Amino acid sequence: MPVHNRIADLLPDMTEWRRDIHANPELGFEEHRTSAIVAEKLESWGIEVHRGIAGTGVVGVLRNGTSDKGIGLRADMDCLPMTETNGLPHASTVPGRMHACGHDGHTATLLGAAKYLAESRNFDGVVHFIFQPAEEGGGGGRVMVEEGLFDRFPCDSVFALHNDPALKVGEASVVAGTVLAASDRFWITVDGVGGHASRPHQCVDPLFVGSQIVVALQSLVARAVDPLRSAVVSVTQFHAGSAMNVIAETAELRGTVRTLLPEERDLVEAGMTRIVEGIASAHGATATIRYQRGYPPTMNDAAQTERAALAAARVLGERHVIRERPPMMGAEDFSYMLLQRPGCFVRLGQAGADKGGVPVHNPKYDFNDDILPLGASFFASIVEQELPRG
């Protein structure tokens, strides 16, 4: 698997950067240490640095030649509110904080590409290195866009890379169309009539009503959504009561919805409201639902996906580039950037024979440092391909 020789030489440095960030994880919009490290390294390589975008976001700008064509490369920097159980030498030093999704590796990968491109300058145009905060639910990508990311840093296309423990080292998934789902959240409050648990006939039990709602919500996916399409409705929290001999007055349910298409998103939201209110009314209770739309679907532009696949094939070989793959029901706020500029979200395999196969968001997860040169070489290749020197 050919990588740029200079990038291969940077593996010890990239590994050191990655493990340092891993040991010092920071939550979304709190990545002060990480963003300072990123900015200082970019500046030391002669890259123009802009700080404070979406709070802790950093954009590096590297110009070469005479073309004004621009390309954006994005990496996320935040961690998850989890406790690591790895026991590795570079394990998290912050209780309840962990890089369990590989954003430490994404940051180190883009830094490696930036260092190489600053040295080689084998391109004609402008490269924007976008280091984004708060991907894990905070919507840092949306905030960067709202704060004028592409007005301040014009990009003709934008690309991002994410590790994938389900793929082998040396493989990449580069697929056109919808690759990740929309992610929405909901809060349901059921109001009944509380009382003594020995006299349920004098009460309206919100826990019972809430249980009927949980079961009925599954009918949306089973009977309302086209079986050839995908949707997920998951009630992940149910809170009611404080004593074993008391029927509570109120129950609260919370959860997430994942959909791939706008029409399914509309269908599920309307259907949930109908079910929640109808079941509560049928049992003499009242219920309200607050439905909050989050990240939109991540949709890769067809033309830019083809360009990304060509760049990936130069690094990994054509037979290792997966061009057809079903979408996943996870979500990404890179989707906000793809709504503004054509681009592609690429997944890079990290499962080796003895490491890298633990799924993300797992307390034993760790980014596989072996793929750092592959990811950095992909970023470098897409720049050199899209901004060729005359």
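Being a predicted model, the structure only gives us computed values, none of them experimental.

Calculation criteria
- Residues numbered from 1 in each chain as written.
- Predicted model: local features only at pLDDT ≥ 70, side-chain atom pairs only at ≥ 80, totals over all residues.
- Heavy atoms only, no water.
- Salt bridge = Lys/Arg side-chain N within 4 Å of Asp/Glu carboxyl O.
- Helix = DSSP H or I, 4+ residues; strand = E, 2+ residues; numbered from the N terminus.
- Buried < 20%, exposed > 50% of the residue type's maximum accessible area, 1.4 Å probe, protein only.
- Pairing = 2+ DSSP bridges.
- Axes fitted to C-alpha atoms, helices over the stretch in contact; angles between N-to-C directions.
- Contact = heavy atoms within 4.5 Å.
- Phe/Tyr/Trp six-rings, centres within 6.5 Å; stacked < 30°, edge-to-face > 60°.
- Lys NZ or Arg CZ within 6 Å of the ring centre and 35° of its normal.
- Parallel < 35°, antiparallel > 145°, perpendicular 65-115°, else oblique.
- Nonpolar A, V, L, I, M, F, W, Y, C, P; charged D, E, K, R; others polar.
- Core = buried A, V, L, I, M, F, W, Y, C linked by side-chain atoms within 4.5 Å.
- Left-handed = near helix turned anticlockwise from the far one by under 90°.

K.L.:
Can you tell me about the pattern of salt bridges, naming the residues and giving the values?
P.N.:
In this structure the tally under the stated criterion is 25 salt bridges. Between aspartate 333 and arginine 74 there is a salt bridge whose closest N-O contact spans 3.0 Å. Here the residue aspartate 333 occupies a position in the loop between β15 (321-322) and α10 (334-340), and arginine 74 occupies one in strand β3 (residues 70-76), the gap between them amounting to 259 residues. Of the two residues, aspartate 333 and arginine 74, both sit in the buried class. Residues participating in the shared-partner salt-bridge network are Arg18, Arg19, Asp104, Asp366 and Asp369.

K.L.:
How would you summarise the sheet that holds strand β12 (residues 250-259) if you had to cite specific residues and measurements?
P.N.:
Read across the sheet, four strands follow the order β10-β12-β8-β13 without closing on themselves; strand pairing throughout is antiparallel. Here the strands that pair on one side only, and so sit at the sheet edges, are β10 (231-240) and β13 (286-293). Taken over all neighbouring pairs, the strand axes of this sheet differ in orientation by 20 degrees on average, direction set aside. In this fold helix α7 (residues 206-224) packs onto β8 (182-191), β10 and β12, with an angle of close to 175 degrees to the strand it touches most, β10. Contacts from helix α8 (residues 262-282) reach β8, β10, β12 and β13, with the element oriented near 165 degrees to β13.

K.L.:
Go over the packing of aromatic side chains with me, naming the residues and quoting the values.
P.N.:
Per the stated rule, a full pass over the model turns up four aromatic pairs. For the ring pair tyrosine 295 and tyrosine 336, a centre distance of 5.9 Å and an interplane angle of 85 degrees mean the geometry is edge-to-face. With tyrosine 295 in the loop between β13 and β14 (298-300) and tyrosine 336 in helix α10, this pair connects stretches of sequence that are 41 residues apart. Tyrosine 295 sits in the buried class, given a relative accessible area of 9%. Above the face of the tryptophan 187 ring, arginine 290 is positioned so that its terminal group lies 3.8 Å from the ring centre.

K.L.:
So what's going on with the packing of helix α3 (residues 32-44) against helix α4 (residues 103-120)? Which residues, and what values?
P.N.:
Across the interface, α3 lies against α4 with an axial gap of 10 Å and an inter-helix angle of 10 degrees. What the angle tells us is that α3 and α4 run roughly parallel. Between α3 and α4, the residues in contact are Val38, Lys41 and Leu42 and Thr107, Leu111 and Ala114, respectively. For the contact of α3 with α4, the per-class residue count stands at four nonpolar, one polar and one charged.

K.L.:
So what about the environment of phenylalanine 186? Which residues, and what values?
P.N.:
Note that phenylalanine 186 resides in strand β8. Residue phenylalanine 186 is classed as buried on the basis of its relative accessible area of 0%. C-alpha separation for the pair phenylalanine 186 and leucine 253, spaced 67 residues apart in sequence, amounts to 8.1 Å. Look past the residues within four positions of phenylalanine 186 in its chain and what remains in contact with it is Val233, Ser234, Val235, Leu253, Arg254, Gly255, Thr256, Val257, Met272, Ile289, Arg290 and Tyr291.

K.L.:
Quick one: what's the story with the sheet that holds β15, residue by residue and with numbers?
P.N.:
Strands sit in the order β1-β2-β4-β3-β5-β16-β6-β15 across an open sheet of eight strands; the sheet is mixed. Bordering the open sheet on either side are β1 (48-53) and β15, each of which pairs with just one other strand. Across the sheet, α3 lies against β1, β2 (57-64) and β4 (125-132), angled at about 165 degrees from β1, the strand it touches most. Running at roughly 145 degrees to β3, α4 makes contact with β2, β3, β4 and β5 (157-168) of the sheet.

K.L.:
Before we move on, can you summarise the environment of arginine 121 with the specific residues and values?
P.N.:
Considering the arrangement of structural elements, one finds arginine 121 in the loop between α4 and β4. Given the relative accessible area of 27%, arginine 121 is considered partly exposed. As a C-alpha pair, arginine 121 and leucine 62 span 59 residues in sequence and 8.9 Å in three-dimensional space. With near-sequence residues (within four places) excluded, arginine 121 lies in contact with Gly46, Leu62, Arg63, Asn64, Tyr116 and Arg389.

K.L.:
Requested: an account of the nonpolar core, with residues and values cited.
P.N.:
By size, the foremost hydrophobic cluster in this structure holds 60 residues, and its most contacted members are Leu42, Leu73, Phe129, Phe131, Val174 and Val383. Those residues in contact with phenylalanine 129, other than ones at most four positions away along the chain, are Ile47, Val58, Val59, Gly60, Leu62, Leu73, Leu110, Ala114 and Leu117. Counting 25 residues, the second-largest nonpolar core is a separate cluster that includes Val204, Val257, Val276 and Tyr291.

K.L.:
So what's going on with the packing of helix α2 (residues 11-23) against α4? Which residues, and what values?
P.N.:
Look at α2 against α4: their axes get within 9 Å of each other, and the N-to-C directions meet at 145 degrees. Relative to α4, α2 is oriented so that their crossing is right-handed. In this structure, α2 uses Met14, Trp17, Arg18, Ile21 and His22 to contact α4, whose residues at the interface are Asp104, Gly105, Thr107, Ala108, Leu111, Gly112 and Lys115. Here the residues of the contact of α2 with α4 are counted per class, giving five nonpolar, four polar and three charged.

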